[in-house]
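# Geometric and topological summary
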Amino acid sequence: MDVANVVVDVPVAQTNRMFDYRIPEYLQHAVFPGMRVIVPFGPRKIMGYVLEVTDHSDIDKLKPIESIMDVTPVLTKELLELGKWVAHHTISFYISTFQAMLPQALKASYEKQVQRLNDILPEKLEMIFAGRDVISFQEFEEAGVYQALQRAVQVGDVEIIYQVHSKETVKKQTYVKPMLEPLELEAVLADLPQQAKKKKAIIHFFQQHNKPIQKKELLEKLHTTQSTVKQLIDQGILKQEMVETYRDPYQNENIKRTQPLPLTSQQQDAMNAVVDTLDQTKHQTFLLHGVTGSGKTEVYLQAIHHCLTKGKEAIVLVPEIALTPQMVNRFKGRFGSKVAVMHSALSKGERFDEWRKVQRKEVQVVVGARSAIFAPFEQIGLIIIDEEHETSYKQEEHPRYHARDVAIQRAKYHYCPVILGSATPALESYARAKKGVYQLLSMPERMNNAKMPEVELIDMRDELHAGNRSMFSRQLKEAIEERLARKEQTVLFLNRRGYSTFVMCRDCGHVMTCPHCDIALTYHRKNQKLKCHYCNYEENMPDTCPSCESDTIRYFGTGTQKVEEALQEMIPEANIIRMDVDTTRRKGSHERLLRQFGNQQADILLGTQMIAKGLDFPNVTLVGVLAADSLLNLPDFRASEKTFQLLTQVSGRAGRHQLPGEVIIQTYTPEHYSVELASTYDYEAFFEKEMLIRKTYQYPPYYYLTLVTVSHPNQIKVMEVTKMISLLLRKHLSDDVRILGPTASPVARIKDRYRYQCMVKYKNEPNQREILRKILAYFEDEMRKDELLIQIDLQPYQLM
DNA sequence: AGCACGCCGACT
DNA sequence: GTCGGCGTGCTC
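Every chain's residues receive numbers from 1 upward, in the order its sequence appears when written. The naming scheme follows written order: chains are lettered A onward, ligands numbered 1 onward. The predicted origin of the model limits local features to residues at a pLDDT of at least 70 and limits the giving and counting of side-chain atom pairs to 80 or more, whereas totals for whole chains, interfaces and linings rest on all residues. The side-chain figures draw on all heavy atoms in the structure; neither hydrogens nor water molecules are used.

## As for the nonpolar core
Leu75, Ile373 and Leu605 are the most contacted members of the largest nonpolar core, which has 89 residues in total. Throughout, nonpolar core names a set of buried Ala, Val, Leu, Ile, Met, Phe, Trp, Tyr and Cys residues whose side chains join them through atoms within 4.5 Å. Whether a residue is buried, partly exposed or exposed follows from its accessible area with a 1.4 Å probe, protein chains only, as a fraction of its type maximum: under 20%, in between, or over 50%, in that order. If you look at the next biggest cluster of nonpolar residues, it comprises 35 residues, including Ala273, Leu278, Leu288 and Leu323.

Structural data, given as structure tokens:
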């Protein structure tokens, strides 16, 4: 067993396979599948993952593994298999997939250096080395002595070496502990001169607590300094040691422990179904369709509890945006230190530490965003995906996986249940539940006998006719004022997606667009600049129209900032908290703003998507949606579904406790079925209606989609390649497929690259991936040399 | 990807 | 003659 099959860290098609390496004598029985190793690859050294250890290879001369980067594998056998599966299903490289399954900190970084081999070097080189033995290659590049270097390498004066590092670091803290027994300490105490007050205090302390304490803590407790402690260490009375610790982002929070709540009968029914499956150790996917406020989370918590009592582990996925402290606390409150939390707001080091807790089996529950589905548990008993309809479960870069698919794949391996929870399930999921692929669990009632809040639709066209040109309808204004008078709170929701503050000339209609992308520039009020959201291009707000030189150039659209100002002007006495990307950028500000609102330091919470989910404030009795239809005009076949889901979610923020809630939705299209049916909370009717439309227009869940996007700086080239791809697809796929395109992408140019796409609609094309792979291979040379980019997204969510 | 190798035109 | 430009092909 001295051969290792390794996937190397070179993400291109040519190297997307295993390379064999010899395991040197000294590493025998130390190399295992799932470990990172450093291997020679051509003239350099790179990182790779060991997939298998075998005893033979078809290759004659194997190079040996240079060294191992891990003592224990970072990927389990299951995760290695899963990685291969994901790579295959998303048409990605193995290496990219394995990287995506692990925390960023485990990625390798590379450094190229020049090492001196001779005491005397040519003068030119000696100057650069300046007495050092090893220097970075970059310094030579900057000095521009390439030839001299090459000669030196040939002569053997210097050598080019390749360093591979892992970025992970382990945080260590300094601890201090006594070296002597309590009795001996007593003797030391007696010997100390009277004025050594601090030393005495320290020794006294250790007589009482005969165990290590963090140095920082000791210093603070006894109001003393480093030097005093150091003297005691030097005298051999105390000892200093470094102890590995976790970076714990929640360490300063006092989370109250909670107990299981009594379940309603519908909760109990859902629980039982899951628990039965769990007890039988079999796989089943459940779709938990529960209205907002029906207590889905309590079902999760108790199902997890049951899972833990069976000695198994649980993964809970939550959309990134809903991973608020409120949410985290519910899990930490119930399961305490058994929980690890993984999301993007953590630093790299924090995320690595949370991952390590899982790897070391120090926790049994992971709560996290999409990538937490790859948590390295080995005894999974339950996987939960909350708000399963959320689009953030689909990764929009390679590997373009959907966490739901990965979850089900893992659950099949572990013979365990998956719960997909939502008040507004994705059409795909609900259709599967109806077909019996998933088991449907319904919770149509709210807890505490709370009623769903009344929803009033306001036709903003009527407002305009009545002479109200503001962004607030008369009804909404009145309702807000009522809440102020009653000391109740309001949540105002502005959907900014599909709505931006663009700049247009009122005279000639000229719209300011990005010179590098086919998209309107967005006006940023705080620095008076126009910015491109795709390439970060920036320019000053012009005084006159660049096209007709009229000075009537203005910005249009509604930003949260603008809404806040208008709102403040309309109701000067209101205290408003605004939550958007700008006000929550700083770490912890998200949390602070919510706490302020929860403590009733404000009357109105105004925000974007980030306030649509998971918020639960008893005093909120009014929810206002400023523009319900802003999503509807997007070129996206899911626009209606997204609108329905969003309106339902937002409405669910009101009246969750004793006080009854009210929802006011402002819209220009009150007759649209997604708006209308959201106002009556009729998911079933919406589902039926939308399914009919999907069937007619041949969209999911009736058809699967594949989106191929081609981009290149030359428009002709893009069109040609896309045309060719669509012809190839048409030729090699079955006659049942529909191929749309080539067409220009919705954003036809980004960063000076033209974008064309074609879309495949199909029901069953087992050969499709193989054909796509061949098409990619065909264009591979051009993709490498000629700036051509072909992206393939199976079951895309983002059609842009 | 990143590197060597090799072939060609433009120079000290 | 030699330097360096880029196209080609390989990496266990």
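Here the narrative resumes, following the displayed structure.
## Regarding the protein's contact with DNA strand B
For this description, a residue counts as near a given molecule or strand if any of its non-hydrogen atoms is within 4 Å of it. In the region of DNA strand B, the neighbouring residues are Val10, Val12, Gln14, Pro43, Arg44, Lys112, Tyr162 and Arg784. N or O atoms within 3.5 Å of each other form a polar contact, as long as, within protein, one can give a hydrogen and the other can take it, and as long as residues adjacent in sequence are counted only when both atoms are side-chain atoms. In this structure, a base nitrogen belonging to DNA strand B sits 3.3 Å away from a side-chain N or O atom of glutamine 14. Arginine 44 places a side-chain nitrogen or oxygen 2.9 Å from a base nitrogen of DNA strand B. Gly is put with the polar residues, along with every residue not named as nonpolar or charged; the nonpolar set is Ala, Val, Leu, Ile, Met, Phe, Trp, Tyr, Cys and Pro, and the charged set is Asp, Glu, Lys and Arg. Looking at the surface near DNA strand B residue by residue, the classes come out as 4 nonpolar, 1 polar and 3 charged.

## Remarks on the protein's contact with DNA strand C
The environment of DNA strand C is made up of 16 residues, and the closest members are Asp20, Pro40, Phe41, Gly42 and Lys63. The sugar-phosphate share of atoms of DNA strand C within 4 Å of the protein amounts to 47%. Separating a base nitrogen of DNA strand C from a side-chain N or O atom of arginine 17 is a distance of 3.1 Å. Between DNA strand C and the protein, one listed contact pairs a sugar or linking oxygen with a backbone N or O atom of glycine 42 at 3.0 Å. Going through the elements one at a time, β2 (18-22), β3 (36-41) and α24 (768-785) are the ones with two or more residues in the surface near DNA strand C. Starting at the N terminus, helices and strands are each numbered in turn, a helix being any DSSP run of H or I of at least four residues and a strand any DSSP run of E of at least two.

## Quick look at helix α22 (residues 683-696)
Compared with the 20 Å implied by 1.5 Å per residue over 14 residues, the 20 Å span of α22 between its first and last C-alpha is a close match. We call two residues in contact whenever any of their non-hydrogen atoms come within 4.5 Å of each other. Tucked inside the fold, the buried residues of α22 contact β12 (284-290), α15 (427-435), α20 (639-651) and α21 (673-679). Backbone geometry just downstream of α22 places glutamine 698 in the positive-phi region, at approximately 60°. The span expected for a helix works out to 1.5 Å for each residue beyond the first.

## Regarding the sheet that holds β2
Strands qualify as paired when DSSP identifies two bridges or more between them. Pairing is antiparallel in the open sheet, where 5 strands are placed in the order β2-β1-β4-β3-β5. Every interior strand has two partners, whereas the edge strands, β2 and β5 (67-68), have only one. Two strands pair when backbone bridges link them, and strand β1 (residues 3-8) and β2 are joined in this way by 5 bridges, in the antiparallel orientation. Directly across from valine 6, in β2, lies its bridge partner phenylalanine 19. Lying on the sheet, helix α2 (residues 94-101) is in contact with β1 and β4 (44-54); it crosses β4 at an angle near 85°. Interaxial angles span 0 to 180 degrees and are taken between N-to-C directions of axes, which are lines fitted to C-alpha atoms, for helices over the stretch in contact.

## Topic: empty space enclosed by the protein
Only protein atoms enter the 1 Å grid used here. Points where a 1.4 Å probe fits but cannot escape make up a cavity, open sets with protein on both sides within 12 Å along at least five of seven lines make up a pocket, and a residue lines them when an atom lies within 4 Å of a point. Grid points are joined across faces, edges and corners, and a volume is the space filled by probe spheres set on the points. All told, the structure shown has 1 cavity of 30 Å³ or more when counted by the stated rule. In this structure, the largest cavity occupies an estimated 50 Å³ of space. Considering the residues around the largest cavity, the lining is formed by His389, Thr391, Ala426, Glu428, Arg638, Glu641, Lys642, Gln645 and Tyr797. Here the element with the most residues in the lining of the largest cavity is α20; it accounts for 3 residues. Its residues assigned to classes, the lining of the largest cavity shows 2 nonpolar, 3 polar and 4 charged. For the domains described, the bounds stem from an automatic or database domain assignment. When residues are assigned to domains, the lining of the largest cavity turns out to be shared by domain 4 (265-447) and domain 5 (454-500 + 557-694), each giving three or more.

## Digging into the sheet that holds strand β29 (residues 662-667)
If you trace the 6 strands from one edge of the open sheet to the other, you get β19-β29-β28-β20-β27-β26, paired in parallel fashion. On the outer flanks of this sheet lie β19 (454-459) and β26 (576-579), each paired with one strand and no other. Going from strand to strand, the sheet's axes swing by 15° on average, the running direction of each strand aside. Alignment of β26 against strand β27 (residues 604-607), held across 4 bridges, turns out to be parallel.

## What about the pairing of strand β13 (residues 313-317)?
Among the 5 residues that make up β13, 5 are buried, leaving the element largely enclosed by the rest of the structure. Burial along β13 is two-sided: Glu313, Ile315 and Leu317 facing one way and Ala314 and Val316 facing the other are all buried. Across 5 bridges, the pairing between β13 and strand β16 (residues 380-386) is parallel. Residue pairing for β16: alanine 314 is matched across the bridge by leucine 382. Relative to strand β15 (residues 365-368), β13 runs parallel, the two sharing 4 bridges. When the sheet's bridge partners are listed, valine 316 is paired in β15 with valine 367.

## A few points about the domain arrangement of chain A
Split by domain assignment, chain A resolves into domain 1 (3-107), domain 2 (110-166), domain 3 (172-244), domain 4 (265-447), domain 5 (454-500 + 557-694) and domain 6 (704-793). Between the C-alpha centres of domain 2 and domain 3 there is a distance of 49 Å.

## Here's the deal with the environment of alanine 777
By the secondary structure assignment, alanine 777 is in helix α24. Classification of alanine 777 by relative accessible area gives partly exposed; the value is 48%. As for alanine 777 and alanine 744, which are separated by 33 residues in sequence, their C-alpha atoms are 23 Å apart.

## Quick look at the packing of aromatic side chains
We call Phe, Tyr and Trp rings a pair once their centres come within 6.5 Å, taking the six-membered ring for Trp, and we label the pair stacked below 30 degrees between planes, edge-to-face above 60, and tilted otherwise. Scanning the model with the defined rule gives 15 aromatic pairs in all. For the ring pair phenylalanine 597 and phenylalanine 617, a centre distance of 5.3 Å and an interplane angle of 85° mean the geometry is edge-to-face. On the criterion of sequence distance, the pair formed by phenylalanine 597 in helix α19 (residues 589-598) and phenylalanine 617 in the loop between β27 and β28 (620-625) is long-range, its members being 20 residues apart. Using a relative accessible area of 0% as the deciding quantity, one classes phenylalanine 597 as buried. Geometrically, the ring pair formed by tyrosine 704 and tyrosine 762 is tilted, given 5.6 Å between the ring centres and 35° between the ring planes. Placement of the pair is tyrosine 704 in strand β30 (residues 704-712) and tyrosine 762 in strand β32 (residues 753-762), with a sequence separation of 58 residues. Of the aromatic side chains, those joined through ring pairs into one cluster are Tyr430, Phe644, Tyr673, Tyr683, Phe686 and Phe687. Distance and angle both matter: a charge sits over a ring if NZ of Lys or CZ of Arg is within 6 Å of the ring centre and within 35 degrees of the ring normal. Positioned above the aromatic ring of tyrosine 246 is the side chain of lysine 357, whose terminal nitrogen or guanidinium carbon lies 5.3 Å from the ring centre.

## What about the UniProt feature "binding site: Zn(2+) 2" (unreviewed entry) in chain A?
UniProt positions are given in the numbering used here, feature names are shortened, and annotations may be inferred rather than shown by experiment. Here, UniProt's "binding site: Zn(2+) 2" (unreviewed entry) annotation points to Cys514, Cys517, Cys532 and Cys535. The largest pairwise C-alpha distance within this set of annotated residues, which runs over 22 residues, is 8.7 Å, so the set is compact in three dimensions. Positionally, cysteine 532 belongs in the loop between β23 (529-531) and β24 (538-540). In contact with cysteine 532, other than residues within four places in its own chain, are Cys514, Cys517, Ile519, Leu521 and Tyr537.

## Focus on the packing of helix α6 (residues 182-191) against helix α7 (residues 197-208)
Their axes nearest at 10 Å, the elements α6 and α7 cross at an angle of 165°. Looking at the two axes, α6 sits roughly antiparallel to α7. α6 and α7 meet at a crossing whose hand is left-handed. Seen from α6, the contacting residues are Pro182, Leu185, Glu186, Val188 and Leu189; seen from α7, they are Lys200, Ile203, His204, Phe206 and Gln207. Of the residues contributing to the contact of α6 with α7, the split by class is 6 nonpolar, 2 polar and 2 charged. The scheme is simple: roughly parallel for angles under 35 degrees, roughly antiparallel for over 145, roughly perpendicular for 65 to 115, oblique for anything else. If you view the pair so one helix is near and one far, a crossing is left-handed when the near helix is turned anticlockwise from the far one by less than a right angle, and right-handed when it is turned clockwise.

## Thoughts on the pattern of salt bridges
The salt bridge definition used is simple: a Lys or Arg side-chain nitrogen within 4 Å of an Asp or Glu carboxyl oxygen. Per the stated rule, a full pass over the model turns up 45 salt bridges. Between lysine 434 and glutamate 684 there is a salt bridge; the shortest N-O distance is 2.8 Å. Residue lysine 434 is located in helix α15, and its partner glutamate 684 is located in helix α22; the two are separated by 250 residues in the primary sequence. A relative accessible area of 32% means that glutamate 684 is categorised as partly exposed.

## A look at unusual backbone geometry
The peptide bond linking histidine 398 to proline 399 adopts the cis configuration, its omega dihedral lying at -5°. With respect to the helices and strands, the residue proline 399 is situated in the loop between β16 and α14 (403-414). Note the cis peptide between proline 700 and proline 701, where omega equals 5°. Mapped onto the elements, proline 701 comes out in the loop between α22 and β30. Look at alanine 130: it is not a glycine, yet its phi comes out positive at around 45°.

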